Amino acid sequence: MSAILPPAMLGILGGGQLGRMFAVAAKTMGYRVTVLDPDEAAPAADFADRHLCAPFNDPAALEDLAKSCAAVTTEFENVNADAMRVLAKTTRVSPSGDCVAIAQDRIAEKAWIAKAGLPTAPYLAIQSVEDIQVELAPYLPGILKTARLGYDGKGQVRVGTAEEARAAYANLGGQACVLEKMLDLQLEVSAIVTRVSATQSAVFPVAENIHAGGILDESIVPARIKPALAAEAQGMAMRLAEALDYVGVLAVEFFVLADDSLVVNEIAPRPHNSGHYTLTACLTDQFQQQVRAMCGLLPGRTDLLSPVVMVNLLGDVWKDNGGQPNWDVLAEAPNAQLHLYGKKSARPGRKMGHFNVMAATADEALDQARALKDTL
Ligand code: ADP
Ligand code: MG
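Everything in this summary refers to the structure shown in the same document. (Residues numbered from 1 in each chain as written. Chains lettered and ligands numbered in written order. Predicted model: local features only at pLDDT ≥ 70, side-chain atom pairs only at ≥ 80, totals over all residues. Heavy atoms only, no water.)

If charged atoms from side chains of opposite charge come close, those side chains can pair. Tallying each qualifying case throughout the model produces 19 salt bridges. Note that Arg50 and Asp64 form a salt bridge whose closest N and O atoms lie 2.8 Å from each other. Taken together, the positions of Arg50 in strand β3 (residues 50–52) and Asp64 in helix α2 (residues 59–68) put the pair 14 residues apart, joining distant regions of the chain. The exposure class assigned to Arg50 is partly exposed, which follows from its relative accessible area of 29%. (Salt bridge = Lys/Arg side-chain N within 4 Å of Asp/Glu carboxyl O. Helix = DSSP H or I, 4+ residues; strand = E, 2+ residues; numbered from the N terminus. Buried < 20%, exposed > 50% of the residue type's maximum accessible area, 1.4 Å probe, protein only.)

Here's what the structure looks like:
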């Protein structure tokens, strides 16, 4: 397929922080950008040429997007996959509606991971109440997760016994779920693939991810695991992209178990919070890769220029201070790079920004990052 070149118009479904960083990348490369998002204050609108302020399934807005954009992508998986399929009739869409449909449903997602020959945690797919009337011991203690619309630990209940699991399922209103065995995690890592075609793909260095309260808190790169294990995670992510015939940026989250084995946790059909380190520490960042993939350009270089640590800034930092955090500190740290998403109100748990710290080693970057965070 021919390459789409600047100053073509590119479209994105969703105008949150991921859409915003996509818009920055696309504009920097000389493209124009249209964002579809129902929120008037969508963070991406600051950098977009056009903001279609309408629901994601609005037929007129989708038609406008299809007509005016040379290619369309998405910043999140909870868009209507059918909207992506409709758009694909008249414009180039990546990732495909089929891939988005898989990533937005934990049951389909896990089935695909298994189909690609990769390990998942032991799980039970629960489509209806009959499915949970089986022996649950293999999945306990476990986590009941809604099949759809979960993120940042939302839609998840930890359960110890079969009674608790059945009660929790009923509590969630009988919607489709997976019951997943709770694994003993050594740590969590992620790998982000950019795939343009069967012969053109690239994978970023593996990030080690530390969560707090179900939300990503820090990413450490390179991950503090054996290089062979990191290479294995990268290989698995590539294999998954291949199995899905994926076009675009695909993030794969893994669990590292006590015996140094890898289990695929979940996938995201888009750039990922754990890839924000690439904005500072790689020649090509994950949003530039998103632009390149949707335009049919070769993926850019993905090697790590320096050890780096990313720290998420949640609204809690604002609240604790009763106002703006103390940015002086970051301004005075020349090896730290601050990114703010332009969100007006800072609610607890809301992703407001992040900063990346580069240093000679990952441990040094982590020490500095934590010291900086403490002074915000
Ligand atoms: P989300 O869509 O909210 O990111 P995840 O499935 O990634 O949902 O779960 C969020 C976090 O919960 C994971 O990053 C991990 O820390 C923990 N978790 C999820 N599933 C398991 C599991 N089977 N065993 C142990 N921890 C888990
Ligand atoms: Mg997750």
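In the vicinity of ligand 1, 19 residues are found, and the nearest of them are Lys145, Gly153, Glu188, Asn265 and Glu266. In the model, an oxygen atom of ligand 1 is placed 3.0 Å from a nitrogen or oxygen of the Arg106 side chain. One of the backbone N or O atoms of Leu183 is found 2.9 Å from a nitrogen atom in ligand 1. Computed on the free molecule, ligand 1 has an accessible area of 540 Å², of which 91% lies beneath the protein chains in the complex. When contributions to the shell around ligand 1 are tallied by element, the ones reaching two or more residues are β7 (142–146), β9 (177–181), β10 (185–197), β14 (248–257) and β15 (262–268). No fewer than three residues from each of domain 2 (122–181) and domain 3 (185–375) sit in the shell around ligand 1. (Near = heavy atom within 4 Å. Polar contact = N/O pair within 3.5 Å; in protein donor to acceptor, adjacent residues only side chain to side chain. Areas by Shrake-Rupley, 256 points an atom, 1.4 Å probe, with all protein chains shown as cover. Domains from an automatic or database assignment.)

Below, the discussion takes up the nonpolar core. In this structure, Val189, Val206, Ile225, Leu240, Val252, Phe254 and Leu262 are the most contacted members of the largest nonpolar core, which totals 30 residues. Taken together, the elements giving at least two residues each to this core come down to α4 (97–103), β10, α7 (227–243), β14 and β15. The greatest single-element share of this core, amounting to seven residues, is contributed by α7. Setting aside residues no more than four positions away along its own chain, Val189 makes contact with Val206, Ala207, Glu208, Asn209, Ala223, Ile225, Val252, Glu253, Phe254, Val256 and Leu262. With 22 residues, the next largest nonpolar core counts Ile4, Phe22, Ala23 and Tyr341 among its residues. (Core = buried A, V, L, I, M, F, W, Y, C linked by side-chain atoms within 4.5 Å. Contact = heavy atoms within 4.5 Å.)

Below, the discussion takes up the sheet that holds β3. Within the open sheet, the five strands sit side by side as β3-β2-β1-β4-β5. Their pairing is parallel. Looking at the sheet topology across the chains shown, the edges are occupied by β3 and β5 (92–93). As paired elements, strand β4 (residues 71–74) and β5 share two bridges and run parallel to each other. Bridge pairing in β5 links Ala71 to Arg92. (Pairing = 2+ DSSP bridges.)

Another aspect to go through is the sheet that holds strand β6 (residues 123–126). Here four strands make up an open sheet; going across it, the order is β6-β9-β7-β8 and the pairing antiparallel. Sheet topology places β6 and β8 (156–159) at the edges, where each strand pairs with a single neighbour. With strand direction ignored, the average angle separating the axes of adjacent strands in the sheet is 20°. By the bridge criterion, four bridges tie β6 to β9 in an arrangement that is antiparallel. Each residue of the ladder has a partner; that of Leu124, found in β9, is Leu179. Across the sheet, helix α5 (residues 106–115) lies against β6, β7, β8 and β9, angled at about 50° from β9, the strand it touches most. (Axes fitted to C-alpha atoms, helices over the stretch in contact; angles between N-to-C directions.)

Fair warning: the whole summary comes from geometry, so function is off the table for now.
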